[in-house]
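So you can see what is in the structure, the chains are spelled out below.
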Amino acid sequence: MLAVILALIVAFFAGMEGILDQFQFHQPIIACSLIGLVTGHPVEGLMLGGQLQIIALGWMNIGAAVAPDAALASVASAILVCMKGSSVSTGIAIAIPLAVAGQVLTIFVRSLTVGLAHGADSQAKKGSFRGVETMHLTALMLQGLRILIPAALIMAVPSSAVMTALHAIPPVITNGLQVAGGFIVAVGYAMVINMMATPQVWPFFFLGFALAAVSELNLIAMGIIGLVIALVYLQLSPQFNKNSNNGGGSSNGGDPIDDILNDY
């Protein structure tokens, strides 16, 4: 019974961390390891979390695009492996459809929290700090319950029933979610581009696409090139150097980034 309670606590924090990103409890390597630890199967939890973490490295929210839910995939697959006796390979196989199901859940919960955000605005107009905090904590707890409730259901039913339920989802729904997800990704990238759409940034935007076509460059090389270009741009652009002194040192009221660079 203690293992069940502790696993549900991990699930609750993993759901909240899927939004907060503060302590990374929702990451597979942490969530699966914690569930494996509290259930007495640390090796299986760590092996499952390590392999799922490699898959989840490419999952991230960009703009309005919502990535597959790593929290539900991690918690649910860890429960199946560490508490239901499933193999690690089975846990990995079931993690992907669970992540898609979690993606639907998080979109649903985020839609609910829109009303809470408006409620927080109303409380702010009244000058009620307690009301704003209550709305904020309620929205956060909904995200925790988003993982806790499915985790409790998975504990209560056999693993075969979970697989049957996932396979029972009609293809029209799964295909529709894939198409909608593609649209959301496009909208998310468009939002990011809209924020960075300035004459100074557009050349670097297209340069990134050109460099990405060079297959010999990996992400580390691309990051180093981007950092070097940014530093050179800050040093040469009049926009960041128009207030600097001729004698070097601090710019005395210039751009803060330029002040930091001059100190070094």
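Each value, and the rule that gives it
Residues numbered from 1 in each chain as written. Predicted model: local features only at pLDDT ≥ 70, side-chain atom pairs only at ≥ 80, totals over all residues. Heavy atoms only, no water. pLDDT = per-residue confidence, 0-100. Contact = heavy atoms within 4.5 Å. Axes fitted to C-alpha atoms, helices over the stretch in contact; angles between N-to-C directions. Helix = DSSP H or I, 4+ residues; strand = E, 2+ residues; numbered from the N terminus. Parallel < 35°, antiparallel > 145°, perpendicular 65-115°, else oblique. Left-handed = near helix turned anticlockwise from the far one by under 90°. Nonpolar A, V, L, I, M, F, W, Y, C, P; charged D, E, K, R; others polar. Patch = residues over 30% accessible without salt bridge, like charges linked within 9 Å, V, L, I, M, F, W, Y side chains within 5 Å. Areas by Shrake-Rupley, 256 points an atom, 1.4 Å probe, with all protein chains shown as cover. Salt bridge = Lys/Arg side-chain N within 4 Å of Asp/Glu carboxyl O. Buried < 20%, exposed > 50% of the residue type's maximum accessible area, 1.4 Å probe, protein only. 1 Å grid on protein atoms, 1.4 Å probe; cavity = no way out; pocket = protein on both sides within 12 Å on 5 of 7 lines; lining within 4 Å. Points joined across faces, edges and corners; volume = space filled by probe spheres on them.

S.K.: So what's going on with the confidence of the model for the protein chain? Which residues, and what values?
M.R.: On average, residues of the protein chain score 79 in pLDDT, and 80% of them reach the 70 mark or higher. Contacts from residues 246–252, a stretch scored under 50 in pLDDT, to residues over four places away or in other chains number ten contacts.

S.K.: Please set out the packing of helix 5 (residues 88–125) against helix 6 (residues 129–156) residue by residue, giving values where relevant.
M.R.: Where helix 5 contacts helix 6, the axes come no closer than 8 Å and their chain directions differ by 170 degrees. One element, helix 5, and the other, helix 6, form an angle in the roughly antiparallel class. The chirality of how helix 5 crosses helix 6 is right-handed. Contacts between helix 5 and helix 6 involve Gly102, Leu105, Thr106, Val109, Arg110, Thr113, Leu116, Gly119, Ala120, Gln123 and Ala124 on the former and, on the latter, Gly131, Val132, Met135, Thr138, Ala139, Leu142, Gln143, Arg146 and Pro150. When grouped by side-chain class, the residues that make up the contact of helix 5 with helix 6 number ten nonpolar, eight polar and two charged.

S.K.: Can you explain a nonpolar patch on the surface? Please cite residues and give values.
M.R.: A contiguous nonpolar surface patch, about 610 Å² in accessible area, is contributed by Met1, Leu2, Ile5, Leu6, Ile9 and Phe13. Among the structural elements, Leu2 can be located in helix 1 (residues 2–20). On the accessibility criterion, Leu2 (60% relative accessible area) is exposed.

S.K.: Give a description of the layout of surface pockets that names residues and reports values.
M.R.: Estimated volume of the second largest pocket: approximately 370 Å³. What lines the second largest pocket is a set of 16 residues, and nearest its centre among them are Phe204, Phe205, Leu207, Gly208 and Gly226. Elements represented by at least two residues in the lining of the second largest pocket include exactly helix 9 (202–212) and helix 10 (219–236). Here the lining of the second largest pocket takes seven residues from helix 10, the largest share from any one element. Looking at the lining of the second largest pocket residue by residue, the classes come out as 14 nonpolar, two polar and no charged.

S.K.: Describe the environment of Ala230, with residues and values.
M.R.: The topology assignment puts Ala230 in helix 10. Take Ala230: its relative accessible area is 37%, and that puts it in the partly exposed class. Residues Ala230 and Phe204, 26 residues apart in the sequence, show an inter-C-alpha distance of 9.3 Å.

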